[in-house]
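The primary structure of each chain is shown beneath.
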Amino acid sequence: MSVPLKDESLFRQQAFINGKWIDADSGRKVPVYDPATGKEVGMMPWMGAAETRRAIEAAERAFSLWRKRTAKERAAVLRRWRDLILLHQDDLAQIMTAEQGKPLAEARGEIVSSAGYIEWFAEEAKRTYGETIPAGNSGQQLLTIRQPIGVVAAITPWNFPIQMIARKCAPALAAGCAVVMKPAPQTPFSALALADLGQRAGLPDGLFNIVTGKAGEIGDEMTSNHIVRKLSFTGSTVVGKVLMEKCALTVKQVSMELGGNAPFIVFDDADLDRAVNHVIASKFRNAGQTCVCANRIMVQKGVYDDFARRLSERVRGLKIGPGTEDGVFLGPLIDDRAIDKVDDLVKDALSKGAKAPVGGAPLKELGAQFYAPTVLTDVTQNMQVFHKEIFGPVAPLYCFESEEEAVSLANATRYGLAAYFFSQDVGRVWRVSEALEYGMVGANSGTLSSEATPFGGIKESGIGREGGKYGIQEYLEIKYINMGFDA
Ligand SMILES: NC(=O)c1ccc[n+]([C@@H]2O[C@H](COP(=O)([O-])OP(=O)(O)OC[C@H]3O[C@@H](n4cnc5c(N)ncnc54)[C@H](O)[C@@H]3O)[C@@H](O)[C@H]2O)c1
Ligand SMILES: O=C[C@H](O)CS(=O)(=O)O
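On a predicted model such as this, the values are computed, not experimentally measured, just so you know.

K.L.:
Please clarify how helix α4 (residues 104-124) should be interpreted in this entry.
P.N.:
Each full turn of the α-helix corresponds to 3.6 residues, which orients residues three or four apart in the same direction. For α4, spanning 21 residues, the distance from its first C-alpha to its last is 30 Å, which sits close to the expected 30 Å at 1.5 Å a residue. Residues of α4 that are buried: Leu 104, Ala 107, Glu 110, Ile 111, Ser 114, Ala 115, Gly 116, Tyr 117, Ile 118, Phe 121, Ala 122 and Glu 124. The inward-facing, buried residues of α4 contact α2 (71-87), α3 (89-100) and α5 (163-175).

K.L.:
What is the right way to read the packing of helix α9 (residues 272-284) against helix α10 (residues 304-316) from this model?
P.N.:
The geometry of a pair of packed helices is captured by two quantities: the angle between their axes and the separation between those axes. Where α9 meets α10, the axes come as close as 10 Å, and the angle between the chain directions of the two elements is 50°. Between α9 and α10, the interaxial angle falls into the category oblique. The handedness of the crossing between α9 and α10 comes out as right-handed. Here Leu 272, Asp 273, Ala 275, Val 276, Asn 277, Val 279, Ile 280 and Phe 284 of α9 come into contact with α10, specifically with Asp 306, Phe 307, Arg 310, Leu 311, Arg 314 and Val 315. For the contact of α9 with α10, a count of residues per class yields nine nonpolar, one polar and four charged.

K.L.:
Help me understand the site of ligand 2 in this model?
P.N.:
Around ligand 2 sit Asn 159, Phe 160, Gln 163, Met 164, Arg 167, Arg 285, Thr 290, Cys 291, Val 292, Ser 449 and Phe 455, and those are all the residues in its vicinity. The contact in question runs from an oxygen atom of ligand 2 to an N or O atom on the side chain of Asn 159, over 2.9 Å. Here an oxygen atom of ligand 2 and a backbone polar atom of Cys 291 are 2.8 Å apart. If ligand 2 stood free it would expose 280 Å²; the protein chains cover 97% of that surface. Per-class residue counts for the shell around ligand 2 are five nonpolar, four polar and two charged.

K.L.:
Could you clarify how one ought to interpret the sheet that holds strand β5 (residues 131-133) in this entry?
P.N.:
Consider a sheet: its strands pair through backbone hydrogen bonds, and that pairing is either parallel or antiparallel. Spatial strand order, β5-β6-β20: three strands in an open sheet with antiparallel pairing. Edge positions in the sheet fall to β5 and β20 (476-484), since each has one partner strand and no second. Taken pair by pair, the neighbouring strands of this sheet meet at an average axis angle of 25°, ignoring direction. Examined bridge by bridge, β5 and strand β6 (residues 140-148) share three bridges and lie antiparallel to one another. Paired with Ile 133 across the strands is Leu 142, a residue of β6.

K.L.:
What exactly am I supposed to notice about the site of ligand 1 here?
P.N.:
Not every one of the 27 residues close to ligand 1 is listed here, only the nearest: Thr 156, Lys 182, Ser 236, Leu 258 and Glu 389. In this structure, Thr 156 approaches ligand 1 through a main-chain N or O atom, which is 2.7 Å from an oxygen atom. Separating an oxygen atom of ligand 1 from a side-chain N or O atom of Glu 257 is a distance of 3.5 Å. When isolated, ligand 1 has an accessible area of 840 Å², and the protein chains bury 86% of it. Taken together, the elements giving at least two residues each to the shell around ligand 1 come down to α5, α7 (215-224), β10 (228-234) and α8 (237-247). Along the lines of polarity and charge, the residues of the shell around ligand 1 split into 16 nonpolar, seven polar and four charged.

K.L.:
What am I meant to see in the pattern of salt bridges here?
P.N.:
Pairing between side chains of opposite charge can happen when the charged atoms of each approach one another. Scanning the model with the defined rule gives 36 salt bridges in all. Here Asp 7 and Arg 200 are joined by a salt bridge, their closest N and O atoms 3.0 Å apart. Of this pair, Asp 7 sits in the segment before β1 (15-17) while Arg 200 sits in helix α6 (residues 188-201); the two residues are 193 residues apart in sequence, bridging distant segments of the chain. A residue is classified by how much of its surface remains accessible, and Arg 200, at 37% relative accessible area, is partly exposed. For Lys 102, the salt bridge goes to Glu 110, with nearest N and O atoms at 2.5 Å. Residue class for Glu 110 comes out buried when judged on its relative accessible area of 2%. Among the charged side chains, a salt-bridge network with shared partners connects Asp 273, Asp 306, Arg 309, Arg 310 and Glu 313.

K.L.:
What is the right way to read the pairing of strand β18 (residues 440-443) from this model?
P.N.:
Looking along a regular strand, one sees side chains alternate from face to face of the sheet. Along β18, the buried face is formed by Met 440 and Gly 442; none of Val 441 and Ala 443, which line the opposite face, is buried. Pairing analysis gives four bridges linking strand β17 (residues 418-422) to β18, with the strands arranged parallel. Residue pairing for β18: Phe 421 is matched across the bridge by Ala 443. Taken together, β17, helix α13 (residues 426-435) and β18 form a β-α-β motif whose crossover is right-handed.

Definitions and limits used
- Residues numbered from 1 in each chain as written.
- Chains lettered and ligands numbered in written order.
- Predicted model: local features only at pLDDT ≥ 70, side-chain atom pairs only at ≥ 80, totals over all residues.
- Heavy atoms only, no water.
- Helix = DSSP H or I, 4+ residues; strand = E, 2+ residues; numbered from the N terminus.
- Expected span 1.5 Å × (residues − 1).
- Buried < 20%, exposed > 50% of the residue type's maximum accessible area, 1.4 Å probe, protein only.
- Contact = heavy atoms within 4.5 Å.
- Axes fitted to C-alpha atoms, helices over the stretch in contact; angles between N-to-C directions.
- Parallel < 35°, antiparallel > 145°, perpendicular 65-115°, else oblique.
- Left-handed = near helix turned anticlockwise from the far one by under 90°.
- Nonpolar A, V, L, I, M, F, W, Y, C, P; charged D, E, K, R; others polar.
- Near = heavy atom within 4 Å.
- Polar contact = N/O pair within 3.5 Å; in protein donor to acceptor, adjacent residues only side chain to side chain.
- Areas by Shrake-Rupley, 256 points an atom, 1.4 Å probe, with all protein chains shown as cover.
- Pairing = 2+ DSSP bridges.
- Salt bridge = Lys/Arg side-chain N within 4 Å of Asp/Glu carboxyl O.
- Right-handed = clockwise from strand over helix to strand, strands pointing away.

Just geometry here; none of it tells us what the structure is for.
What follows is the structure, given as structure tokens:
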């Protein structure tokens, strides 16, 4: 095994179904590679429909018992899970960096954030209140109660290998549901280590299952099996649409956390140093591979050159390298397909008149999957980079003149996940916050994510919210009870 761990038993190369660590029925395994070195990290079972079906049936059995546990009992198990995750933070970070590439410091941050979601929903379990409704007739008592939706299928992406699981599975389990989840094929070992710690914490057999392998086959079983009552997906919009369509046949509820195309607007009255700091935080976190990264940076004409100079100076100083190296700010991109996609967008922009004062090409001397942190200036709407989710360390700068133009430019996309703007004019802060068509808006802030707040998008960025007081509602049904009696 190539990952240096204190507790080597955390590195699991088998899937987890009904409390058992198992291989694929076929025995087939596929390699998972370290994006920084190209070396094999480990082997992942290549499963399909049959194993998924067994996991769903195990989840159904576990659900029938777990739903009867009190909220307090469920919360206690989740809190133990959260404690074990923090206790094993360093090992989980090593596994995550080995398979995803992010710097160890970022990996540790993701693990702390993930533990925060589990802690938050352990508490929310005890607040799934119902209500009584004043009856119109005597001899009636009208009330509602909240009940767990049932067996939940979850599918997660590679960019936050643990946090995306915690943000779905913690509220689902807290609500009393059971879960069958499929991690991304690029990052299975973080998910399997999480399941190992969940087993140690006392999650009953069959309650939390991890199936790895053929995405299409696993997804087809998840979306067609009538036992599954909910699909919670985080990933690209194109895949989300396919899954939504498949879920319609059995009328499954869905939560969709999809793609983004975040505008980052800098008005001429902004605190430019603050704005630059927040562009760095938003744009270059996870090497630009997050759904809420600043994707289109729009700067008002009066401060455009000054902002471009300040940002370029900062970006030049960002250290790029393997995530295990001290002081590294950016790691590699997830695979060579990602490198090609980012490079094609940069080349298209340069060919249409954009300039690259910093970066602008892959860093082959570091390895196959490193892309130079890049600033593009003189970018316009006729370039592909305006319309596509870059998912890489490229900061394209657009110039605008008026507030109306900035808002119109920002809203000119089918995505609606995150948006940011910087201004010290209070009236403008309210006007622009209301005018931006996004699920989440950062006003003088480039960071959004927290377990206490509703994370999610509108338009083609998704359905539903994860986190906050809304996150557990995604896994609960409302039952209305009309109770008649002799008045
Ligand atoms: N809104 C959010 O909270 C959020 C968070 C993280 C990532 N994302 C989005 O995810 C994308 C990047 O992640 P990605 O490349 O893993 O996305 P992706 O859509 O390619 O894959 C996401 C997951 O879906 C699985 N999958 C793919 N096709 C499938 C199918 N036909 N049936 C079942 N499962 C299938 C993949 O194996 C993976 O586990 C970006 O668009 C990013 O914006 C959104
Ligand atoms: O990539 C999407 C993640 O949800 C980003 S965040 O860590 O929640 O901000």
